[in-house]
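Secondary and tertiary structure notes
Take a look at the letters that make up each chain.
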Amino acid sequence: MEEDARYLKKKIKTGAIDVHPTLSAIVVHFEVEATILGEAGDAMLGENKQSQKTIMIKNLSVGTDLRKLSEVVVEKCNLIHPSKVPELEQLLYYLQTRKVTVNTESVEQEMERIRQATSRFDDIDEIQEKADLNELESYVDLLYDDMKTKTKGTSLILQLARNPDNLAELIENEMVLGALSRVLREDWKKSIDLCTNIVYIFFCFSSFSEFHSILLQYKIGSSCLQIIENELKRFEYWNDELAKKKKTAIDEKSEESQKAFLKSEKKFEVVIHKQEQLLRVSVYLLLNIAEDTPIEIKMTQKSIIVFLNTMLERKSLELLILVVSFLKRLSIYKENKDVMKEMNVVSKLNKMIPHQSDILVSLILRLILNLSFDKDIRTQIIKCGMLPKLVNFVKEETHRVFALCILYHVSVDDKCKGLFSYTDIVPIIIHILQENEEGQLDMELMALCVNITQNPKIAAHFAQNLRLLLRQSLKNRDSLMLKMVRNILSHEVQEKKVVLSSINEIVSIVKDCPHEEQITVELLGVLAELNLPEIDFRQLVTEYNLVPWISRNLAPANKVADDVVLEIVRFVGNVVRDEDCAQLFANAGLPNTLIELITAKQEDDEIVLQILYVFYQMIFHKCTRELLIKQSQAPAYLIDLMHDKNTEVRRMCDTTLDIISEYDEDWATKIQYEKFKWHNSQWLEMVTQGNDPEVDSYDDDYLPREMMLSGDSTADLLYQHEQDGYRDQPYADYPYDGDHRDYGGYPGEDGYHPGDHIHHPGLHTRVEAGEYAAQYQDQEEDYDYYQQHYNQGGNRMISPDEEAVYGAQHSKQGAPPIAQEPRNAGYMTNLDSFSRTLENWHLRS
């Protein structure tokens, strides 16, 4: 054939073009067709081979001209036809918009570096004889001899297995695999060299997924787990023995004991070195076959995580890289994560960093990132003192992104935010910001800044550079940095005045750039936090004609985004603190606009609360108080929201209504009436339905102040009345109607008796003991007085002391003692009649 073959003809067919799954690169698939032609030009031998080429795309940023870049790629790569330029441009656009982790290695790069770092078994005892595939049967025969001969045979087979070209033929030879698996099961405890050689042979097969089924058939994974468990027990035993010899040498202080200890220590180091080789190749084999999820689950059931956790204490870099890689793979499942949490893996990882190996540090950070989604593990990170180390990794570009992600997870917990003030995070972040004034910052970095600036101490540190942050955020239109500035301004920092120099620019951007919603939201938030007396808000509002703009954006018909609406309302709440501005907005009909808005957004508690705050601020000004009370329906809406489910909404309503009651008697009467009407309807519902949890659990804000009694877990309705007028009591302001029916009376023989009062236990079970003691001491005294009660009518409440005296007196006379009934039993003899009485109440202030 060599004489007939004249030349070789090669033809390349271009296939599909795709993006690399992890790298910033384009992958070009092509097929090479090689044909050997004879003397007559006819094809004598042909072969087709599929291949691919990876084209790295460097410096791909937001501003890159994709059309020109695609043309350059086509010009330099002859595998891509010029007609593919549009398709290539689309792929480059996908790469440009895809979230790619900066300064991190891809999975392929990582595994390749792990292979390079862990596949150096040059120190394994190898014989000088060169193995030949044709002598494979003779090598198998050696496996049936003594231990030394078996070790020689496995070493020769290992030479063949380390060449990938021989694996296909070896895997088809069942005799070889059967003999190797048999020797491994029977003799792995007898020789560590023999065991290492056999496991390494199977490791070579495990590097290819198509051979995994063969390894499972011979139960190689189970054998490796058994080997690892035994070797870890051996290490523990050897370590204890060495410690005993060391103690003996120290105690005896003799030369012989010192020599014995040094000899044992040297032997221990040699044995440990060989053991780590075996552990390394065993772990790597298990890591390869763990690609199959069912196999990985079986490994976890056989305590692989416990073994890996124990091996974290070893010193071998290659072994640690494999162990951490394996833990990282297992950590993506919740069950495995919980096991690692129980074993406190984080504390061992903390001892391993910082490390001179960037590969190991990168893997550790990735593992911690997977674990840090758990709140308890974040607590372990704090307790073991890892936080300052993670902050220091932010300085290094190689590990910055992963460190920032972990720190972001830690900063989610409010209790942990303050701990950042004891680290160097602020100067490190400021240095990064100064180096990247023109470029876009990492989202992870800005997300961390947004979280930690919610803490007053850290916000005060950042406030020293507030001018830099504000200038850079406005220049780059960075919404996250603006959110960070907004958080800083939400605290009482002295540097707030720095914003005054940029306030005109801020207002201009807010008004003239409505399409940039995120920027508008954050800038409005910045303006809402500027509660400085130096700002003339009236001049600002008038100069930029903000009143029509605000009214237009708050109108429900315009359907402005809820986030923008919320920040506008917050800004108005800040502005109307100034009396002139409040009058300006009131004259423009803002209260009616807000009422329309509160109707449209009634499901959004935050917007409702901020609108109520605007009303609260406007009530304080005399010029807007009358307009708000007399010419708008704001009080009616406040009354309607007085019993909202949201605690803050109820509190704001009660506070504002209290102020309205002080200035307007008509509204005061209505407010009192509505409060009592609501309270009594709740009480009737409780009486009708029994002990309803929803009724029992409502907050104290539902009750008027007159109904709260100190130091007791119940609310008592006590209303004092005398026929000749009102007594000077806390509850004497509420009249009865013409038929002399008064709340607190009971149906007696001659009608309702207004002087007798009813105690309703269990109506309000969540009043904390002593919460109102200082403020309502008088009511408590009244309560003690009414417990003794009057001696009017047939039904009366008797004190425990009276009951004891009464029982003692009548028991001697043979009279029956007082019936042991609940204190309310028998008082409500006619619930329907009593309900009609409640409906006829007329209350005044």
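Reading the values: rules and limits
- Residues numbered from 1 in each chain as written.
- Predicted model: local features only at pLDDT ≥ 70, side-chain atom pairs only at ≥ 80, totals over all residues.
- Heavy atoms only, no water.
- Helix = DSSP H or I, 4+ residues; strand = E, 2+ residues; numbered from the N terminus.
- Buried < 20%, exposed > 50% of the residue type's maximum accessible area, 1.4 Å probe, protein only.
- Contact = heavy atoms within 4.5 Å.
- Areas by Shrake-Rupley, 256 points an atom, 1.4 Å probe, with all protein chains shown as cover.
- Phe/Tyr/Trp six-rings, centres within 6.5 Å; stacked < 30°, edge-to-face > 60°.
- Lys NZ or Arg CZ within 6 Å of the ring centre and 35° of its normal.
- Expected span 1.5 Å × (residues − 1).
- Arc of directions from axis to C-beta.
- pLDDT = per-residue confidence, 0-100.

Some thoughts on the overall build of the protein chain
Each helix and strand counted, the protein chain has 42 helices and five strands in total. The buried share among the 845 residues of the protein chain stands at 49%. The long-range fraction of contacts in the protein chain, counting pairs at least 24 apart against all pairs at least 6 apart in sequence, stands at 71%. Total accessible area on the protein chain stands at roughly 43700 Å², and carbon and sulfur atoms take up 47% of it.

Details of the packing of aromatic side chains
Applying the stated criterion to the full structure yields seven aromatic pairs. Between the aromatic rings of Phe203 and Tyr284, the centroid separation amounts to 4.8 Å while the plane-to-plane angle is 45 degrees, which identifies the pairing as tilted. Of this pair, Phe203 sits in helix α8 (residues 192–206) while Tyr284 sits in helix α11 (residues 255–289), and the two are 81 residues apart along the sequence. An aromatic cluster of three or more residues is present, and its members are Tyr200, Phe203 and Tyr284. Above the face of the Phe235 ring, Arg314 is positioned so that its terminal group lies 4.0 Å from the ring centre.

Focus: the side chain of Asn230
With respect to the element layout, Asn230 can be found in helix α10 (residues 220–252). Assessed through its relative accessible area of 17%, Asn230 is described here as buried. For Asn230, the contacting residues outside a window of four places in its chain are Trp188 and Lys189.

Some remarks on helix α2 (residues 85–97)
In this model α2 runs 18 Å from its N-terminal to its C-terminal C-alpha over 13 residues, within 8% of the 18 Å that 1.5 Å per residue would give. Every buried residue of α2 is accounted for by Val85, Leu88, Leu91, Leu92 and Leu95. Taken down its axis, α2 places every buried residue within 120 degrees of arc, on the same side.

So, the confidence of the model for the protein chain
Taken over all residues, the pLDDT of the protein chain has a mean of 75, while the share at 70 or more is 75%. Under a pLDDT of 50 for its full length, residues 692–845 has, in the predicted model, 228 contacts with residues more than four places off or in other chains.

Structural notes on unusual backbone geometry
Of note, the amide linkage connecting Ile353 to Pro354 takes the cis form, showing an omega dihedral of -5 degrees. Tracing the backbone shows Pro354 in the loop between α16 (345–352) and α17 (358–371). Even without being glycine, Lys219 reaches a positive phi, approximately 55 degrees. Position of Lys219 relative to the elements: it lies in the loop between α9 (212–217) and α10. When its relative accessible area of 58% is taken as the criterion, Lys219 is described as exposed.

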